[in-house]
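Coordinate analysis (summary)
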Amino acid sequence: MSRVDNEIIFKHLTWRYACKKFDAAKKIREADWNILAETLRHSASSYGLQPWKFIVVQNPELRNELRNLSWGQSPVTDASHLVVLTYKEKMDEEHITRHINQTAKVQGSDPKNLDGYKNMMIGDLVKGPRSQIINFWAQRQCYIAMGSFLTTASLMEIDTLPMEGLDPAGYDKALGLEGTGYKTVAAIAC
Ligand SMILES: Cc1cc2nc3c(=O)[nH]c(=O)nc-3n(C[C@H](O)[C@H](O)[C@H](O)COP(=O)(O)O)c2cc1C
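Okay, so let's go over this structure. Computed from a predicted structure; not experimentally measured.

Focus: the pairing of strand S4 (residues 182-189)
Among the eight residues of S4, seven are classified as buried, and the element is accordingly described as predominantly covered. Pairing of strand S2 (residues 82-88) with S4 involves seven bridges; the strand directions are antiparallel. Note that in S4 the partner of Leu-82 across the bridge is Ala-189. Pairing of strand S3 (residues 161-163) with S4, which is carried by three bridges, proceeds in the antiparallel orientation. Along S4, the bridge assignment pairs Leu-161 with Ala-189.

Looking at the pattern of salt bridges
Going through the model one piece at a time under the given rule, you end up with eight salt bridges. Notably, a salt bridge pairs Lys-88 with Asp-92, separated by 2.9 Å at the nearest N-O pair.

Let's talk about the sheet that holds S3
What the four strands build is an open sheet, ordered S1-S2-S4-S3; its pairing is antiparallel. Looking at the sheet topology across the chains shown, the edges are occupied by strand S1 (52-57) and S3. Neighbour-to-neighbour, the strand axes of this sheet turn through a mean angle of 25 degrees, independent of strand direction.

Focus: a nonpolar patch on the surface
A surface patch of nonpolar side chains, about 300 Å² in accessible area, is lined by Val-4, Ile-8, Ile-9 and Leu-13. For Val-4, the position within the fold is in the segment before helix H1 (6-15). Residue class for Val-4 comes out partly exposed when judged on its relative accessible area of 44%.

Quick word on unusual backbone geometry
Unusually for a residue other than glycine, Gln-50 sits at a positive phi of about 45 degrees. Examined against the element boundaries, Gln-50 turns out to sit in the loop between helix H2 (30-41) and S1. A residue is classified by how much of its surface remains accessible, and Gln-50, at 34% relative accessible area, is partly exposed. Look at Trp-71: it is not a glycine, yet its phi comes out positive at around 55 degrees.

Quick look at the site of the ligand
Within the structure, the ligand sits among Arg-16, Tyr-17, Ala-18, Lys-20, Gln-73, Tyr-143, Leu-161, Pro-162, Met-163, Glu-164 and Gly-165. In the environment of the ligand, an oxygen atom lies 2.9 Å from a nitrogen or oxygen atom belonging to the backbone of Gly-165. In isolation the ligand has 610 Å² of accessible area, and contact with the protein removes 58% of it. Looking at the shell around the ligand, its residues break down into six nonpolar, two polar and three charged.

Reading the values: the criteria
- Residues numbered from 1 in each chain as written.
- Predicted model: local features only at pLDDT ≥ 70, side-chain atom pairs only at ≥ 80, totals over all residues.
- Heavy atoms only, no water.
- Buried < 20%, exposed > 50% of the residue type's maximum accessible area, 1.4 Å probe, protein only.
- Helix = DSSP H or I, 4+ residues; strand = E, 2+ residues; numbered from the N terminus.
- Pairing = 2+ DSSP bridges.
- Salt bridge = Lys/Arg side-chain N within 4 Å of Asp/Glu carboxyl O.
- Axes fitted to C-alpha atoms, helices over the stretch in contact; angles between N-to-C directions.
- Patch = residues over 30% accessible without salt bridge, like charges linked within 9 Å, V, L, I, M, F, W, Y side chains within 5 Å.
- Areas by Shrake-Rupley, 256 points an atom, 1.4 Å probe, with all protein chains shown as cover.
- Near = heavy atom within 4 Å.
- Polar contact = N/O pair within 3.5 Å; in protein donor to acceptor, adjacent residues only side chain to side chain.
- Nonpolar A, V, L, I, M, F, W, Y, C, P; charged D, E, K, R; others polar.

Quick look at the structure:
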């Protein structure tokens, strides 16, 4: 693997801007989209807990509905892809246990060896003081993924618009998120 030149990185960082108007005829190539999707999947998160679900909305009727819930902003319907960033409202022992089991599987070790680590996470995020503000913690994790996505897209010269100008509760309803434990925090049109 060869590293990317500083000059090239800088060129792409300065190329990026918040794109306010998209050409509805332009579509992201599948191979490029796959890398962007991987960027979300590989994004860093606290303890690696990934308290999120990223929803790619491609249905035109649904995109129309979401546009009405986003101050009428045209990128919601006109961009090639719309990613809605949703966060896990509460952290729980089940999610943490799944993460521990997966970590142990990858390491080829017994999950029991990770009991101390597991209890530390539970003590911090499920039972500790941070559990009271865990929704803010989860939202922050989503913004790390958003930043990674914007940077990768800039390296690929793919236009993006990060979006907070939307009605999160309206999105939750339109996307059928109510009762799932996940809530909308922001979106990215690209
Ligand atoms: C988290 C976040 C949310 C944003 N939400 C919107 C939005 O809803 N609509 C919009 O037109 N721009 C939105 N923007 C774009 C900013 O207005 C834009 O990034 C800022 O003006 C700086 O311009 P630049 O990104 O071109 O450097 C958002 C940017 C961020 C980082």
